[in-house]
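Listed below are the residues making up each chain.
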Amino acid sequence: MELAPVFSWLYDLLLSVGLGITLADIVSLVGIAVIVFGFLCVAALFLVWWERKVSAHIQQRYGPMMTGWHGVLQTIADAVKLLQKEDITPNAVDRRVFFWAPVVTFVCAFAAYVVIPFGDGLIVSDLNIGILYIIAITTFTIISLLMAGWGSNNKYALLGGMRSAAQAVSYEVPLTLAVLGTVLVAGSMSMNEIVISQQGSTFFGLLPRWNIFFQPLGFVIYVIAATAESNRTPFDLPEAEQELVAGYNVEYSGMKFAMFFLAEFINLFTVSAIATTVFLGGWNGPLLPSWMWFLCKTLFMVFVLMLFRWTYPRLRVDQLMEFAWKVLLPLAFLNIIYVGVLAKWLNW
Amino acid sequence: MTKEELTEYIKDNFSGEPEVIENDQPEPYFIVKAEDVVAFSRFIHDDPKLQMTFMMSLSGVDTGERYEIVYNICSYRLKHRVFFKTILNHEKPEVDTVLDIWPAANWYEREVWELFGITIRNHPNLTRFLLPEDWDEGFPMCKGWVGKDVIPFPERK
Amino acid sequence: MAERLRTEEMIMNMGPQHPATHGVCRLILTIDGEVINDCVPVIGYLHRAIEKICENRTYAQCIPLLDRFEYVTSMSCNWAFALAAEKLTDLEIPERAEYLRVIMAELNRIASHLLCIGVTAMDLGALTPFLYTFREREFILDLFEMTCGQRLTYNYIWVGGVSKDIPPEFIPKCREFLDIIDEKCDDYEKILTKNPIWLVRNKGIGIIPEKMVHDYAISGPSARASGVNFDIRKHDSYGVYDRFDFDVPVFFGCDCYDRYRARMAEMRQSARIIRQALDQMSDGPVRAKVTMNFKPKPGEVYSRIENSRGEMGIYLVSDGTKKPFRMRARGGSYNHLMAIPEITRGLKIADLVALFASLDIILPEIDR
């Protein structure tokens, strides 16, 4: 069992206390899971509040103001309200699929955090196929959306589920190809290795050696595809409110709805964290501790995605597909060729 | 064209005998026989000097003794208007549809059928749409119609 | 395998409660995937029998009912009815009242177009322009509140004039609004007009060819976006509109995008009219001498005015008593909704939303 250094002391501690190896394994894993879970819950709650504030200020409103300082506790109040709500299961639904859909969403959203390097050594498990793992596990979310759409037995939900499946499958391709460019440079799929490959500076010490400066095109493709992956405007077709009412989650209420909702924000954080890791130099940075650099960059990415959401209208479903296959995909290939030539030339 | 010119032109060129109503409004007003409605409509719609392509309104009126259907037509291109109405008796109110000439008449005629009980011949889709589907209290726009639970409005002194 | 694989059309109910139908309209869509093969509008959910009720009210009592006929531009509805009644009564309307009517109707038109543009943006997924346009709409509603105490159903334009004179602080406040509105229009244009996503969602969508404009009697900005140069204010002038210098913006794209641009251009023209009206207006009485239970002479009249979403017509029959014998109100949306099945065939569901918003369909006007 290979754990990152920061967690191995926990493991050693448990061993020295006298627990058996199996037990120490289990306890330390649960401990780590609880820590990540706690962090992500707080992050999701924070992001919900932040999104409301950002949108409010873009729209010349205040947003939540009453609960806590500038409404900072508003999301907690909302979550408590959703917990208290009746959990309605309509008669016509496919009960098993309907029940498991939010669970799958939630689990997949969390599972991605196994390989995200929050700081120098702050990684749950540095898998050698880290980036591939993340892409695989985030795609899994789509199955849950499809489950929700199909299981709800509602035409709007079905259309939403179908749209999301088509959209995610299409945008997965340019997204992966964009990330591939950085893998080429790093020579490894491990998230930590990718971050380490971006250490130091370039252009005579003027710029940090982040991938964004070498592959701006790849970064742009990634951001666009990531917006689509996280189902946000201008690609929020699966839940297009004015067309499909609420899309795949139209029949959900109470905590099941909250799980979809939180998973969405965790996904937002995930795609931003990946962008930070592979393009923005991860936790690299001077002066501040590494985890703080990571958080700052990630939150900046989140902010950029929020700006998109609150300024753009929504694309139509066929235009969305066209854009993915006719524009993004060729550009992504072009980017890979360019990175290959660059890597050869610079002798990385 | 002015009101007088329009009136003369239509009277001269339409084969039927439209009756002219004298009033002080700026547009010519005719009474057309029920069997002539389609021919008259076709004439004013197609005639190059009239080009009455825009149906402003089609309304039913119940005067108590008889039904009237009032057609308010105008021309977008030539910016003039012609009104005409047809008079139907209470026993067998029937008129042909002008849907082929002005597709806009579709819902107006449905409304006339629904609220006045005037049969529109050859209309493809005479179904209820303003009133509930299970409405069985007659034709509410007719004069003297009283619904089951209508409370009369107090008279203003 | 190929024979066993077949697809079916799906029937979907859009409405009666649906965020994009602007009221309670139900559209029965027959869809093949996302493509609409057929669309049947079902209306009547908001039927209040305004026409029948008016037959049992005096003319003065009809005015508040006409407010409810189309509550987004009540001023125009009031005016259309007052105009019809005045044609039958031979009333001399005081000049100040005529100017006040123009100012109020044009302000109301701006408010309505602001609503329309904001809602179009919202229906296409951009929530922000909606709140921007509502900020300016709020300003206009404040002006109305100052004038007649109401923000939505004004009951302001009466037969024979207007209900009361404007307060002295109205004119400076109104000028303040006119100073910012052009600039704000530029702001909306910055956010929307050249936005690539806005362009692909609106350009070439929901084409209404000129023939269909004539056939289905489509009027107002929607007709002018299809190349029909017709504005009742200009070509069949009523009130004192002939004293103002303004243009009729005509566009030839026939699509949602040009309908949006036509509305944008019209707001600027409306502001221009209000400026001129404020300059020309003089003091004087605002209501002709007319009693509450006045009796018009017998006759029939059709009056029409340019409403923000098309021709607003009132067909009025008087039998010489104090109540209208028959009143029929005609709104632009009625014809627009009637044409929707023909326009939508072959469009996507998302296009239907854009089309519905760009035609600015308001349901109370249809159900009456």
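Residues numbered from 1 in each chain as written. Chains lettered and ligands numbered in written order. Predicted model: local features only at pLDDT ≥ 70, side-chain atom pairs only at ≥ 80, totals over all residues.

With 21 residues, helix 5 (residues 128-148) of chain C ought to run about 30 Å at 1.5 Å a step, and its terminal C-alpha atoms sit 30 Å apart, in line with that. Buried residues along helix 5 of chain C sit against helix 2 (21-58) and helix 12 (290-311) of chain A together with helix 4 (95-123) and helix 6 (170-192) of chain C. Looking one or two places after helix 5 of chain C, you find glycine 149 of chain C, whose phi comes out positive at around 80°. (Helix = DSSP H or I, 4+ residues; strand = E, 2+ residues; numbered from the N terminus. Expected span 1.5 Å × (residues − 1). Contact = placed C-beta atoms within 7 Å.)

Attention now moves to the sheet that holds strand 8 (residues 324-330) of chain C. All names here are of chain C. Taken in spatial order, the 3 strands make up an open sheet running 6-7-8, and their pairing is antiparallel. Each end of this open sheet is capped by a strand with a single partner; those strands are strand 6 (299-307) and strand 8. If you compare each strand with its neighbour and ignore which way they point, the axes differ by 15° on average. As judged from the 9 bridges shared by strand 6 and strand 7 (residues 310-318), these two strands associate in the antiparallel manner. Its bridge partner lying in strand 7, arginine 304 is registered against glycine 313. Against the sheet, helix 12 (residues 332-344) makes contact with strand 6, strand 7 and strand 8, and its axis sits at roughly 120° relative to strand 7, the strand it touches most. (Pairing = 2+ DSSP bridges. Axes fitted to C-alpha atoms, helices over the stretch in contact; angles between N-to-C directions.)

Turning to unusual backbone geometry, a few remarks are in order. We note that glutamine 51 of chain B has phi near 50°; this positive angle belongs to a residue other than glycine. Relative to the helices and strands, glutamine 51 of chain B resides in the loop between helix 2 (37-46) and strand 3 (54-62). Take glutamine 51 of chain B: there are 17 C-beta atoms within 10 Å of it, and that puts it in the partly exposed class. For asparagine 155 of chain C, which is not a glycine, the phi torsion comes out positive at approximately 50°. Topologically, asparagine 155 of chain C is positioned in the loop between helix 5 and strand 4 (157-158). Take asparagine 155 of chain C: there are 18 C-beta atoms within 10 Å of it, and that puts it in the partly exposed class. (Buried ≥ 20, exposed ≤ 12 C-beta atoms within 10 Å, placed from the backbone.)

This paragraph deals with the nonpolar core. Of all hydrophobic cores here, the largest spans 250 residues; its most connected members are Tyr222, Ala225 and Ala275 of chain A together with Phe81 of chain C. Top element by residues in this core is helix 4 of chain C. It accounts for 17 residues. When we break this core down by domain, the ones giving at least three residues each are domain 1 (1-84) and domain 2 (93-345) of chain A. Once residues lying within four places of it in the same chain are set aside, the contact partners of alanine 225 of chain A are Tyr171, Pro174, Leu175, Ala178 and Leu328 of chain A. (Core = buried A, V, L, I, M, F, W, Y, C linked by C-beta atoms within 7 Å. Domains from an automatic or database assignment.)

Moving on: helix 6 (residues 155-186) of chain A. Residue and element names in this part refer to chain A. Compared with the 46 Å implied by 1.5 Å per residue over 32 residues, the 46 Å span of helix 6 between its first and last C-alpha is a close match. Considering bend angle alone, the principal kink of helix 6 is centred on glutamate 172 and spans about 25°; proline proline 174 follows within four residues of it. Among the 32 residues in helix 6, 23 count as buried, and that is most of the element. Among the residues trailing helix 6, glycine 187 stands out with phi positive, at a value near 75°. (Bend = angle between axes of the 7 residues up to and from the residue.)

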